[in-house]
Every structure is written in C-alpha cells, then in structure tokens.
Amino acid sequence: METEKRMELVKVIVEEVRPVLQGSESKTLLDYGSGTGLVSLELTDLVESILLVDSSKQVLEVAAAKIIEKEITNCKVLYSDFTQDNPELKADIVLLSLVLLHIPDTKVILRKLFNILNNEGKLIIIDFDKNDKVSHPKIHSGFLHKELKNILSEVGFKSTEIKTFYHGNQIFANQDASMFISNSIK
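Numbers given for residues are sequential positions, taken from 1 along each chain in its written order. Two thresholds apply to this predicted model, a pLDDT of at least 70 for residue-level local features and 80 or more for giving and counting side-chain atom pairs, whereas whole-chain, interface and lining totals are computed over all residues. Side-chain figures throughout are based on the complete set of non-hydrogen atoms in the structure, without hydrogens or water.

### Brief notes about the sheet that holds strand β7 (residues 175–185)
In spatial order, the strands read β3-β2-β1-β4-β5-β7-β6; together these 7 strands make up an open sheet with mixed pairing. Here the strands that pair on one side only, and so sit at the sheet edges, are β3 (75–79) and β6 (159–172). Going from strand to strand, the sheet's axes swing by 15° on average, the running direction of each strand aside. For two strands to count as paired, DSSP must find a minimum of two bridges between them. Counting from the N terminus, the helices are DSSP H or I runs at least four residues long and the strands are E runs at least two residues long. By the bridge criterion, 10 bridges tie β6 to β7 in an arrangement that is antiparallel. Its bridge partner lying in β7, Glu-161 is registered against Asn-183. Contacting β1 (28–32), β4 (91–97) and β5 (117–128), helix α3 (residues 106–116) runs over the sheet at an angle of about 145° to β5. Here an angle of 0 to 180 degrees is reported between the N-to-C directions of two axes, which are lines fitted to C-alpha atoms, with helices fitted over the stretch in contact. The contact rule is simple, with two residues in contact once any of their heavy atoms fall within 4.5 Å.

Set out below in structure tokens:
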C-alpha cells in the first residue's frame, strides 16, 4: 500500500497532525489502525510514547521492523481488533488516520476509543469528507462533519472541531476527494 499517491497523502496528514500535538511531550499516543506506521512513526519526537495497534499481523511486522531500523525507542506494536476486543488500555491521545471509513459501526468504535482515553484526552480523526461518487460495500463513502460531530457528542466527547484541510485528485477510491481533521476532547 506504500504507493506514491499514498506517500503523498501521508506527508499531508503528518503536516496537519504535527501542530495538533505541540506540547504533548509527556503524553501517550495510541495509533489505531496504524498499518505500517507511515503516519505515527513521523510523530515520535512529539510525544512520550506511541502504541501502534492494528488488526493485521502482517503490517505490524513491517512497522516493528521500521522501529528497529530507525532505532526508535518510544514505540511498540500491538495486534488487536478493537471491533472484537475490549481493550484494557489507556492513552492521552488516540489517532485514527484513514481508518474510520473501514469500520462498519462508527459509534461502537468511537465509544471504545473514548473509553481508552484518559480524562481531557484527545481523539484525532483524519478521514474523507462525504463523497457521493464513492460507493463501495466495504467502506463508508466519507463523513459529513455534522453527522460525525453528533456521534462524537453522543459517545461523550465534550467538544469537537472539524475542518477540511486538503483536496486531492483520485485519492479516495479513484475519485477526487477532500480530507478533514477532527479534534475531540474527552
């Protein structure tokens, strides 16, 4: 999946997330659906520690190899599927980068992530804006800001700010699309 287009998106996402993490040197970050760590391994200097969680052993092996190769000392990987498991974990920040669209029940996963967060914790979601051109049985066709805000509020988040930050060609199921960043506080 580490195609040129993908890498381009990753760069844009990293640039958008880094400022949000300013002042988080003492915080723990959990990257849910981390994949091979393309995004979170670029954030290691901003937080105390990062846990990369994914439901694919294969991608985590790649991530683990990168952590060793880059001599990163504050990252670990965990094989888990939070849609199935009830994680006994705690984190100050949870990152969900282009993952929510793959999870059928949005509310259930957001509730589990809410429960993982410490009080005043932060949930950062990067995903695609709602896109009527995308229709796929396995994924959501993006998200409306208002609908996502409502779900986050129902789950218990005190505040959420959402903004679109990037428009790209053929970046979502081969369609032109835009990405948003959502920042919620528990």
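### Some thoughts on the packing of aromatic side chains
Pairing of aromatic rings covers Phe, Tyr and Trp, the last through its six-membered ring, and needs centres within 6.5 Å; plane angles under 30 degrees mean stacked, over 60 mean edge-to-face, and all others mean tilted. Summed over the entire model, instances satisfying the criterion amount to 3 aromatic pairs. Summarising the aromatic geometry, the rings of Tyr-32 and Phe-82 are spaced 4.5 Å apart at their centres and angled 20° between planes, so their arrangement reads as stacked. In this pair, Tyr-32 sits in strand β1 while Phe-82 sits in the loop between β3 and β4, placing the two residues 50 residues apart along the sequence. Buried residues are those whose accessible area, probed at 1.4 Å on protein chains only, stays under 20% of the maximum for their type, while exposed residues exceed 50% and partly exposed ones sit between those limits. When its relative accessible area of 0% is taken as the criterion, Phe-82 is described as buried. Each ring, one from Phe-114 and one from Phe-157, has its centre 4.9 Å from the other, and the planes form 85°; the classification is edge-to-face. With Phe-114 in helix α3 and Phe-157 in the loop between α4 (145–155) and β6, the pair connects residues that are 43 residues apart, well separated along the chain. One residue, Lys-186, lies across the ring of Phe-114, its end atom 4.3 Å from the ring centre. By the criterion adopted, a ring carries a charge over it if an Arg CZ or a Lys NZ lies within 6 Å of its centre and within 35 degrees of its normal.

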